[in-house]
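# Breakdown of the fold
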Amino acid sequence: MSEVKISAESRTEFGKGAARRIRRADKVPGVLYGHGSDPLHLTLPGHDLLLALRTPNVLISLDIDGKTSELAIPKAVQRDPLKGFLEHVDLQLVKRGEKVSVEIFVHTEGELAPGGNLLEHVLNALPVEAEATHIPESVTVSVEGLAAGDSVLAKDIPLPSGTKLTVDEDTVVLQVLAAQAEEAPAGEAAEGEEAPAEA
């Protein structure tokens, strides 16, 4: 798992006006919380943070005001719904060796059995507990040869060493659905059926 160093500044200005000024300077307001300490309000560099957040569950090494260094993981990220820029980020304080609860993305590989079946992701992300400095970015599961009615349960997904499920092991993560037959348009008889006789 990658660790990204980011320089942050503590902030004392709050409210929408202050947040707008921070974003105009290509920075992002954020809050660091956890371990029973008071929330620490921060200003983070926008570009560096955007690059860091491309990695799921990235571990961020924060250099705060050049005085203290803290480890954190992103817990909530707010983006502008239209332009996509970062509006605010919540960071959770973590320590090396500490176990944290996160969600990791589930990727699939392989081809389903022939027949035009559909693969449904019941869960896009798998809730797990992992050591803060060894959080897996994602897990990959094979769906090779699965047919309609087959499913992949949480316990079927191979997890890296030191990572354990925080959901019931029989939770359905993926399931294969039968291809739906297309319905005939209204007023037209389906193939092989006779149209009703005119009265």
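This text gives an overview of the structure that appears in the document. Everything numeric here is computed off the predicted structure, so don't read it as measured data.

## Observations concerning the overall build of the chain
Along its length, the chain carries 2 helices and 13 strands. Looking at the chain as a whole, 34% of its 199 residues are labelled buried. Residue pairs in contact within the chain that sit at least 24 positions apart in sequence constitute 64% of those at least 6 positions apart. Counting every atom, the chain has about 12,200 Å² of accessible surface; 49% of that belongs to carbon and sulfur.

## Observations concerning helix α1 (residues 16–24)
Turning to α1, its buried residues are A18, A19 and I22. All buried residues of α1 lie within an arc of 100° about the axis, which places them on one face of the element. Turned more than 90 degrees off the buried face of α1, the exposed positions are K16 and R24. Looking at the buried residues of α1, the elements they touch are β2 (27–34) and β3 (37–45).

## Structural notes on unusual backbone geometry
Phi is positive for N57, which is not a glycine, with a value near 55°. Position of N57 relative to the elements: it lies in the loop between α2 (46–52) and β4 (59–64). Residue classification places N57 among the buried residues on the basis of a relative accessible area of 13%.

How each quantity is defined
Per chain, the residues get numbers from 1 upward, laid out in the order the sequence is written. Local features in this predicted model are restricted to residues whose pLDDT is 70 or higher, and side-chain atom pairs enter the listing and the counts only when it is 80 or higher, whereas totals over whole chains, interfaces and linings include all residues. Side-chain calculation: all heavy atoms of the structure are included, whereas hydrogens and water are not. Helix numbering and strand numbering both begin at the N terminus, where a helix is a DSSP run of H or I of at least 4 residues and a strand a DSSP run of E of at least 2. Burial classification: accessible surface area is computed with a 1.4 Å probe over protein chains only, and a residue below 20% of its type maximum counts as buried, one above 50% as exposed, and the rest as partly exposed. Residue contacts are counted whenever heavy atoms from the two residues lie within 4.5 Å of one another. Values of accessible area rely on a 1.4 Å probe in the Shrake-Rupley scheme; residue burial ignores everything except the protein chains shown. In this description, one arc is meant: the one made by directions from the helix axis to the C-beta atoms.

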